[in-house]
Amino acid sequence: MFRLRFQGVRLQLHWNKIIQKILEFLILSRLLNGDSLFKAQPYLRQEKQILLDKSSGRRIIYFTFRTLHFLDWFAPIDLALARSFPGKYEVFYIDFSTTLHRIGKGFEYLHFRQQVEERLLRLNISPLHHFSHEELAEYTSFPDADVHVTCESIRQETFSVPERIYLPHYALPKAIDIGLPGNIRFNHVFLPTRPPYTYKQLEQNFQEEIKVHSVGYPKLQAVSSPVSCFPDSDQPVVLYAPSLEISLLFDALDRGLLGIFNKMSHYNFVIKLHPSLASRRHYVTAFMCQELKGVEHIHFDELSGIQNLAEESSLLITDFGSVGGEYRLGYGKRVIFLKTPAEYEGGADLQFRDDFADGVCKVEDLENVIESVMKKGALSDSEFHNMRQQVLSFSEASDYEAARIVDEICSAS
């Protein structure tokens, strides 16, 4: 029934999207005479040009991305570079988001750009450092990079940069992530975790041209702006953060997940979907919000990162992927894993589950497991410390270790 209702909502939202695209085309062609949406306002463009001119003599770093949440992985390294080597580096955040079909080059990109600037401000980064790859030609003498950092494959990115760093956007590889990605150009990788919680390929000999740096997981040091979803309530908060596998999400819904949350009104629940699921491409956020309309103890959050939601919460529920490990490793709080089909087994993420999960259950048993795990409270200091030592490749201030390695790479080039 959930799937049937979803298809109805999806068709309606898809039709609304078509109407929006038609209106967007008419506005661009008639009112703006085809002028680019990426053209910065004169004052903003002047401020950015001043920043570019001041970067002369500094080492330049590009961080390229297409999706909003990737900012959380690199911003801690940027800030650590500024503190450890003041005045030595200039970092530019260059988005290729217009290459994503769900964002494109129209008004959806303007909304995305606003979200990027809000996210950078939350992370204590000036939005002046952010550029679309399509606006670079507007500026004179845009500086070439000494180091390029990315979390993902961007086919349209063609910068000529001698040193390229792959920064994994997860702490724990999944079963399909046997080795490092082959569709990203890099000669350095910042490794978050140690065996058996890392790529299986790294347990063997690896290519000599790739240098592996054990820096831990810098995202755990991302600036946190705690979000209070239930400011007037003293009830415990439970996060539900499933993976991006939409079939598993609908399987959980079919098995009564929302009914369980609805019934357990003595808890508050925050549903935090994977950013790809929360996008308009799937329409699933609008559908689930409609299903929960009027339910006060269940809240949707689309923009915040896990680090922003961790302080208010006491427990996380997930299925597979890295988020369970990130939550437990970062904040010393309990995690429940929902059982998944056999094809998801075999990765570092579920090895972590087998070694550290506070509960593993079917959806039907979730109510009892939540109650029993909640009674345990947070991890003890010794449990927390031992887990981090066992799992992370570098368990101290990983943002500063990553910054130190970036400086080492620049100094050697």
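Below, the structure is looked at part by part. Remember, it's a predicted structure, so these values are computed and weren't measured experimentally.

Among the nonpolar cores identified, the biggest contains 65 residues, and Ile61, Phe63, Leu71, Phe74, Tyr93, Phe190 and Phe352 are the most heavily contacted of them. Broken down by element, this core gets its largest block of residues, eight residues, from helix α3 (residues 71–84). For Phe63, the contacting residues outside a window of four places in its chain are Phe70, Leu71, Phe74, Phe92, Tyr93, Ile94, Val149, Thr150 and Cys151. In this structure, Leu258, Ile271, Leu277 and Leu338 belong to the second largest nonpolar core, which totals 34 residues.

Let us look at the environment of Arg328. You can see Arg328 is positioned in helix α10 (residues 323–331). Here the alpha-carbon distance between Arg328 and Phe356, two residues 28 residues apart in the chain, equals 8.7 Å. The contact partners of Arg328, leaving out residues within four places of it in the chain, are Lys333, Arg334, Val335, Phe352, Phe356, Asp358, Leu379, Phe384 and Met387.

Moving on, we come to helix α8 (residues 284–291). Within α8, burial applies to Val284, Thr285, Phe287 and Met288. Viewed along the axis of α8, the buried residues span an arc of 160 degrees, placing them on a single side of the element.

Within the secondary structure layout, Gln49 lies in helix α2 (residues 42–54). Among all residues touching Gln49, those that are not within four sequence positions of it are Tyr139 and Thr140.

Turning our attention to unusual backbone geometry. That bond from Pro195 to Pro196 is cis: its omega, 5 degrees, falls within 30 degrees of zero. Relative to the helices and strands, Pro196 is located in the loop between β6 (188–191) and β7 (211–214). A positive phi angle, near 65 degrees, is found at Asn124, a position not held by glycine. Structurally, the position occupied by Asn124 is in the loop between α4 (107–122) and β3 (130–132). A positive phi is found at Ser141, a non-glycine position, where the angle reads about 55 degrees.

This part covers the pairing of strand β8 (residues 237–240). By the alternation rule, side chains of β8 split into Val237 and Leu239 and Val238 and Tyr240, which are all buried. Alignment of β8 against strand β9 (residues 268–271), held across four bridges, turns out to be parallel. Across the sheet, residue Val238 finds its bridge partner in β9, namely Phe269. Pairing analysis gives three bridges linking β8 to strand β11 (residues 315–318), with the strands arranged parallel. Within β11, the position partnered with Val238 by the bridge is Leu315.

Time to look at the side chain of Thr318. Along the chain, the position of Thr318 falls in strand β11. Contacts of Thr318, omitting those with residues within four sequence positions, involve Ala241, Pro242, Ser243, Val323, Gly324, Val335, Ile336, Phe337 and Leu338.

Bringing the pairing of strand β4 (residues 147–150) into the picture now. Burial of β4 is two-sided: the residues Val147 and Val149 facing one way and the residues His148 and Thr150 facing the other way are all buried. Sheet analysis places strand β1 (residues 59–65) next to β4, joined by four bridges and oriented parallel. Within β4, the position partnered with Thr64 by the bridge is Thr150. In this sheet, strand β5 (residues 163–166) lies alongside β4 in parallel orientation, the contact comprising four bridges. Across the sheet, His148 pairs through a bridge with Arg164, a residue of β5.

What follows is about the packing of aromatic side chains. Each aromatic ring pair is specified by the distance between its two centres and by the angle formed by the two planes. Scanning all chains against the criterion turns up 23 aromatic pairs. Seen in terms of ring centroids, Phe261 and Phe269 are 4.2 Å apart; in terms of plane orientation they differ by 20 degrees. Their pairing is stacked. In this structure Phe269 comes out as buried when scored by relative accessible area, which is 0%. Grouping aromatic residues by their ring pairs yields a cluster made of Tyr62, Phe92, Phe96, Phe131, Tyr139, Phe142 and Phe159. Here the guanidinium or amino end of Arg45 rests over the ring plane of Tyr139, the centre of that ring lying 6.0 Å away. Cation over ring: Lys48 sits above Phe131, and NZ or CZ is 4.4 Å from the ring centre.

Analysis parameters
- Residues numbered from 1 in each chain as written.
- Predicted model: local features only at pLDDT ≥ 70, side-chain atom pairs only at ≥ 80, totals over all residues.
- Heavy atoms only, no water.
- Core = buried A, V, L, I, M, F, W, Y, C linked by side-chain atoms within 4.5 Å.
- Buried < 20%, exposed > 50% of the residue type's maximum accessible area, 1.4 Å probe, protein only.
- Helix = DSSP H or I, 4+ residues; strand = E, 2+ residues; numbered from the N terminus.
- Contact = heavy atoms within 4.5 Å.
- Arc of directions from axis to C-beta.
- Pairing = 2+ DSSP bridges.
- Phe/Tyr/Trp six-rings, centres within 6.5 Å; stacked < 30°, edge-to-face > 60°.
- Lys NZ or Arg CZ within 6 Å of the ring centre and 35° of its normal.

Structural measurements only, silent on function.
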